[in-house]
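Analysis of the macromolecular model
Listed below are the residues making up each chain.
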Amino acid sequence: MSETERTIVPSYADPEVEAALEAVRAVRSVTDAADPRPRYFIRTFGCQQNEADSERLAGLCSAMGYEKTDVPGEADLILVNTCAVREHAEKKALSVIGQYKHVKEEKPSAVIGVGGCMVSQPARAEKLKKSYPYVSFTFDTGAIAAVPSLVLGAIRGGKRTFLLSDEWKIAEGVPIRRESRHMAWLSIMYGCDNYCSYCIVPYVRGRERSRSVEAILDEAKALIEDGTRDITLLGQNVNSYRGRNGEDIAELMHRICALPGDFQLRFMTSHPKDASDRLIEAMATEEKIVKHFHLPIQSGSDRILKRMNRKYDRAAYLERIDRLREAVPDVSVTSDVIVGFPGETEEDFEDTLSVMEKVSYDMVFSFIYSPRAGTPAASFPDQIPHEVAAGRMERLLALGDAVSKERNDRFLGRVLRVLTEGVSKQDGEMLTGRGAPVRPIHFRGNPSLIGQFVQVRITGNDTFCLRGELV
Ligand code: SF4
């Protein structure tokens, strides 16, 4: 294991995970006898939730006795964790799975499994079954704990399996192998009940379900004791979290912040309709909560928001931003925007641009609308031609960069508390870290500072990053 990675095995496991651990032990008896020890390779597409799921897959692979490799051709077990949010991500995943055919030809004993949102759609799982005969199994987003028995079946030469859960549960107790030593995703809820008209998530990740406060606190405590300095609470709709006794995300965050240790806490992704006063208040009062709120607006036009089934209008969204800025004046605000949603007129698009200027976002993540089969918006008659959407996207990006640059100027000259994340990818002489600004912060320093909080004076704003010097 590299110095930056660590595996955490929870102290409690649900009965179905206990059953999965039986299969883990059976695979382990095979891998322990192999010389050299077999290796696994995981390729992940998509969002942070998928990255977190891949860390659970990696935890299971380690427990089954596989060693990690970064080279698919060396692997005995290849797992592909797919995304379905945009068509491009599906095409990319299928192309990558196509390339692994050669691995199987070179090494017929290699096992290839495909999971994630793409294969949680029956039609896609069927396509894998028919057109990719070298894929041994698929598993949907609710079936990660079943992977050891799928691997066991495959190495024993059993039938190919294409698993689609009929219910989505929470599986407590899966070991997690995390890529970073100092930062961690911590999933607190799964699924979504919102059914935005463009989004595939409720169909591929199921209804909302929250983990218990106790399980989350146990995991947070273990992480902090293991040296984690930055925890991001994750959920498709994280601020609709509901514990067994009605605890909301504000209460959960207060309880995590009360844990001893020097760490910072973040959360994503929030829905504007669930951005409660209590959550804003928690951010205002808890020092450990990073002053950054990601609040996707998607469109600035009420007409389009209604068609998107977003359940808020522009005025309600702006009211939440005002409330947030009143309570946390220096808060960094970021957003997601969809460009070219069916029926979007020039006027609707200009409403989006005007919201961006009004809110003055620290950063905007923008996407051209991608129709997803099975969602209502995919069959709306007034789809926008790609050239029109692409032209609007260019204008939006230009405005987003200008607004972000201006907004981030407020940090110039200030001394900020920054968690040193690692050596900068652009310049090996520089360190990179993060704090309240959304942009990464680059500064000169000794790599021994990695994983520590430091004080950095901000000296430059390069739009996509900030520059600074250690104080
Ligand atoms: S809130 Fe809407 S966009 Fe977000 S995951 Fe749920 S359905 Fe998708």
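Everything discussed here concerns the structure shown above.
The paragraphs below set out a description of the structure included in this document. Small disclaimer: the values here were computed from a predicted structure and weren't measured.

Attention now goes to the packing of helix H10 (residues 277–285) against helix H12 (residues 314–327). Contact geometry of H10 with H12 gives a least axis separation of 9 Å together with a crossing angle of 25 degrees. Compared by their axis directions, H10 and H12 come out roughly parallel. The interaxial crossing formed by H10 with H12 has right-handed handedness. Two secondary-structure elements touch here, H10 through Asp-277, Ile-280, Glu-281, Met-283 and Ala-284 and H12 through Arg-320, Arg-323, Leu-324 and Ala-327.

Turning next to the packing of aromatic side chains. The way to describe two aromatic rings as a pair is by their centre distance and the angle between their planes. Counted according to the given criterion, the structure contains nine aromatic pairs. Considering the side-chain rings of Tyr-132 and Tyr-134, the 6.1 Å spacing of their centres and the 65 degrees angle between planes classify their relative orientation as edge-to-face. You'll find Tyr-132 and Tyr-134 in the same group, each marked buried. Seen from their ring centres, Tyr-195 and Tyr-203 are 5.5 Å apart, and the 80 degrees between their planes marks the pair as edge-to-face.

The next subject is empty space enclosed by the protein. Considering all chains together, one arrives at one cavity of 30 Å³ or more under this definition. Quantified by volume, the largest cavity comes out at close to 110 Å³. In this structure, the largest cavity is lined by 13 residues; those nearest its centre are Arg-56, Thr-141, Gly-142, Lys-169 and Tyr-190. Of the residues in the lining of the largest cavity, the class split is six nonpolar, two polar and five charged.

Read from one edge to the other, the open sheet built from three strands follows the order E14-E15-E16, with strand pairing classed as parallel. At either end of the open sheet lies a strand with only one pairing partner, and these are strand E14 (292–294) and strand E16 (363–368). Within this sheet the neighbouring strands show an average axis-to-axis angle of 15 degrees, counted without direction.

The subject of this paragraph is the sheet that holds strand E2 (residues 39–44). Here six strands make up an open sheet; going across it, the order is E3-E2-E4-E5-E6-E7 and the pairing parallel. Two strands close off the open sheet at either side, each with one partner strand: strand E3 (67–68) and strand E7 (161–163). Relative to strand E5 (residues 111–116), strand E4 (residues 77–82) is paired through six bridges, and the arrangement is parallel. Residue Val-80 lies in a different strand from E5, and its bridge partner there is Val-114. Against the sheet, helix H5 (residues 122–131) makes contact with E5, strand E6 (137–139) and E7, and its axis sits at roughly 170 degrees relative to E7, the strand it touches most.

Inspection of every chain in the model, using the stated rule, returns 43 salt bridges. Among the ionic pairs, Glu-87 bridges to Lys-91, the shortest N-O distance being 3.6 Å. With a gap of four residues between them, Glu-87 and Lys-91 both fall in helix H3 (residues 87–99), about one helical turn apart. According to the relative accessible area criterion, Lys-91 is exposed, its value standing at 54%. A salt bridge links Glu-350 to Arg-395; its shortest N-O distance comes to 3.8 Å. Taken together, the residues Glu-350 in helix H13 (residues 346–359) and Arg-395 in helix H14 (residues 386–408) connect sequence positions 45 residues apart. A relative accessible area of 36% places Arg-395 in the partly exposed class. One salt-bridge network, in which partners are shared between bridges, spans Asp-277, Glu-281, Glu-319, Arg-320, Arg-323 and Glu-326.

Going from Asp-35 to Pro-36, the amide bond is cis rather than trans, its omega being 0 degrees. Considering the arrangement of structural elements, one finds Pro-36 in the loop between helix H1 (15–33) and E2. Geometrically, the link from Met-268 to Thr-269 is a cis peptide bond, its omega value of 5 degrees lying close to zero. In this structure, Thr-269 sits in the loop between strand E13 (264–268) and H10. For Asn-309, which is not glycine, the phi torsion reads 60 degrees and is therefore positive. Looking at the secondary structure, you find Asn-309 in the loop between helix H11 (302–307) and H12. For Thr-463, which is not a glycine, the phi torsion comes out positive at approximately 70 degrees. Structurally, Thr-463 is set in the loop between strand E20 (453–461) and strand E21 (466–470). For Thr-463, a relative accessible area of 15% gives the class buried.

For the rest of this paragraph, the subject is the environment of Ile-42. Here Ile-42 is to be found in strand E2. Distance in space between the C-alpha atoms of Ile-42 and Thr-69 is 8.6 Å, their sequence separation being 27 residues. With sequence-adjacent residues up to four places away left out, Ile-42 is seen in contact with Ser-54, Leu-57, Ala-58 and Leu-79.

It is worth spelling out the pairing of E5 at this point. A regular strand places its side chains on the two faces of the sheet in alternate fashion. Among the six residues in E5, six count as buried, and that is most of the element. Of the two faces of E5, the one lined by Val-111, Gly-113 and Gly-115 and the one lined by Ile-112, Val-114 and Gly-116 are each fully buried. As defined by bridge partners, E5 adjoins E6 across three bridges and the pair is classed as parallel. The residue of E6 that forms the bridge with Val-114 is Thr-138.

What follows deals with the packing of helix H8 (residues 213–225) against helix H9 (residues 249–257). Relative orientation of the contacting elements H8 and H9 amounts to 35 degrees, with a least axis distance of 10 Å. Both H8 and H9 take part in a crossing whose hand is right-handed. Residue-level inspection shows Val-213, Ile-216, Leu-217 and Ala-220 of H8 in contact with H9, the latter providing Leu-252, Arg-255 and Ile-256. Residue composition of the contact of H8 with H9, grouped by class: six nonpolar, no polar and one charged.

Definitions and limits used
- Residues numbered from 1 in each chain as written.
- Predicted model: local features only at pLDDT ≥ 70, side-chain atom pairs only at ≥ 80, totals over all residues.
- Heavy atoms only, no water.
- Axes fitted to C-alpha atoms, helices over the stretch in contact; angles between N-to-C directions.
- Helix = DSSP H or I, 4+ residues; strand = E, 2+ residues; numbered from the N terminus.
- Parallel < 35°, antiparallel > 145°, perpendicular 65-115°, else oblique.
- Left-handed = near helix turned anticlockwise from the far one by under 90°.
- Contact = heavy atoms within 4.5 Å.
- Phe/Tyr/Trp six-rings, centres within 6.5 Å; stacked < 30°, edge-to-face > 60°.
- Buried < 20%, exposed > 50% of the residue type's maximum accessible area, 1.4 Å probe, protein only.
- 1 Å grid on protein atoms, 1.4 Å probe; cavity = no way out; pocket = protein on both sides within 12 Å on 5 of 7 lines; lining within 4 Å.
- Points joined across faces, edges and corners; volume = space filled by probe spheres on them.
- Nonpolar A, V, L, I, M, F, W, Y, C, P; charged D, E, K, R; others polar.
- Pairing = 2+ DSSP bridges.
- Salt bridge = Lys/Arg side-chain N within 4 Å of Asp/Glu carboxyl O.

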